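Below are the chains, spelled out letter by letter.
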Amino acid sequence: MRIDNNLKAMVSSQLQVNEMASNLAEVANIVGDPKLQEVTTDLIDSIVGQIPEIISYSANAKSIETQNATSDMLLNIKA
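The residue count restarts for each chain, going from 1 along the sequence in the order it is written. Residue-level local features of this predicted model are given only where pLDDT is at least 70; pairs of side-chain atoms are given and counted only at 80 or more, and the full residue set underlies all totals for whole chains, interfaces and linings. Side-chain numbers come from the whole structure's heavy atoms, not from hydrogens or water.

Some thoughts on the overall build of the protein
Reasoning step 1: A count of helical and extended segments in the protein gives two helices and zero strands.
Reasoning step 2: Throughout, exposure labels follow a simple rule: accessible area from a 1.4 Å probe, protein chains only, divided by the maximum for the residue type, with under 20% read as buried, over 50% as exposed, and the rest as partly exposed. Per-residue burial over the protein gives 15% buried out of 79 residues.
Reasoning step 3: The contact definition used throughout considers only heavy atoms, calling two residues in contact when any of these lie within 4.5 Å. Of the contacts formed within the protein by residues at least 6 apart in sequence, a portion of 78% connects residues at least 24 apart. Helix and strand definitions here come from DSSP, where helices need a minimum of 4 consecutive H or I residues and strands a minimum of 2 consecutive E residues; each element is numbered from the N-terminal end.

See below:
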């Protein structure tokens, strides 16, 4: 796996989380009083949808760290 693939996946995850956060903010702006806010399917989907995106982002970051450590090890062995 290449680092640029991981970076593209991380950017994609970030865009998804930003979109879902925007949906959450939109719901909060529509009804300012928390007592009047309803839990809608859009709100639930936005909250729950962030979980796999955050996990994906973290997994790609760990993959890049592993690739970097492997490259360092190979360069040390070669030297």
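Re the pattern of salt bridges
Reasoning step 1: A carboxyl oxygen of Asp or Glu within 4 Å of a side-chain nitrogen of Lys or Arg is what we treat as a salt bridge. In the structure shown here, the tally under the stated rule is one salt bridge.
Reasoning step 2: Two residues, Lys-62 and Glu-65, come together in a salt bridge whose shortest N-O distance is 3.7 Å. In this pair, Lys-62 and Glu-65 both sit in helix α2 (residues 41-78), three residues apart, roughly one turn of the helix.
Reasoning step 3: A relative accessible area of 52% places Lys-62 in the exposed class.

Remarks on the environment of Tyr-57
Reasoning step 1: Along the polypeptide, Tyr-57 turns up in helix α2.
Reasoning step 2: Remark: the alpha-carbon pair of Tyr-57 and Asn-6, spanning 51 residues in sequence, is separated by 8.7 Å.
Reasoning step 3: Beyond its immediate stretch of four places on either side in the chain, Tyr-57 contacts Met-10, Ser-13 and Gln-14.

Some words on the side chain of Ser-13
Reasoning step 1: On the secondary structure map, Ser-13 appears in helix α1 (residues 3-30).
Reasoning step 2: Definition of a polar contact: a pair of N or O atoms within 3.5 Å, with one able to donate and the other able to accept a hydrogen when the atoms are protein atoms, and with sequence-neighbouring residues admitted only if both atoms are side-chain atoms. Looking at Ser-13, its side chain comes within polar contact range of the side chain of Glu-53, at 3.4 Å.
Reasoning step 3: Beyond its immediate sequence surroundings of up to four residues, Ser-13 is in contact with Glu-53, Ser-56 and Tyr-57.

Quick notes on a nonpolar patch on the surface
Reasoning step 1: For patch detection, residues must exceed 30% relative accessible area and be free of salt bridges, and they are connected within 9 Å for like charges or within 5 Å for nonpolar side chains (Val, Leu, Ile, Met, Phe, Trp, Tyr). Using a 1.4 Å probe, accessible areas were evaluated by the Shrake-Rupley method; residue-level cover was limited to the displayed protein chains. Nonpolar side chains collect at one region of the surface, where Ile-44, Ile-47, Val-48, Ile-51 and Ile-55 lie side by side and expose about 450 Å² of accessible area between them.
Reasoning step 2: Assignment of secondary structure puts Ile-55 in helix α2.
Reasoning step 3: Ile-55 gets classed as exposed once you look at its relative accessible area, which sits at 55%.

Regarding the environment of Ala-21
Reasoning step 1: The topology assignment puts Ala-21 in helix α1.
Reasoning step 2: For the pair Ala-21 and Leu-43, spaced 22 residues apart in sequence, the C-alpha to C-alpha distance is 9.8 Å.

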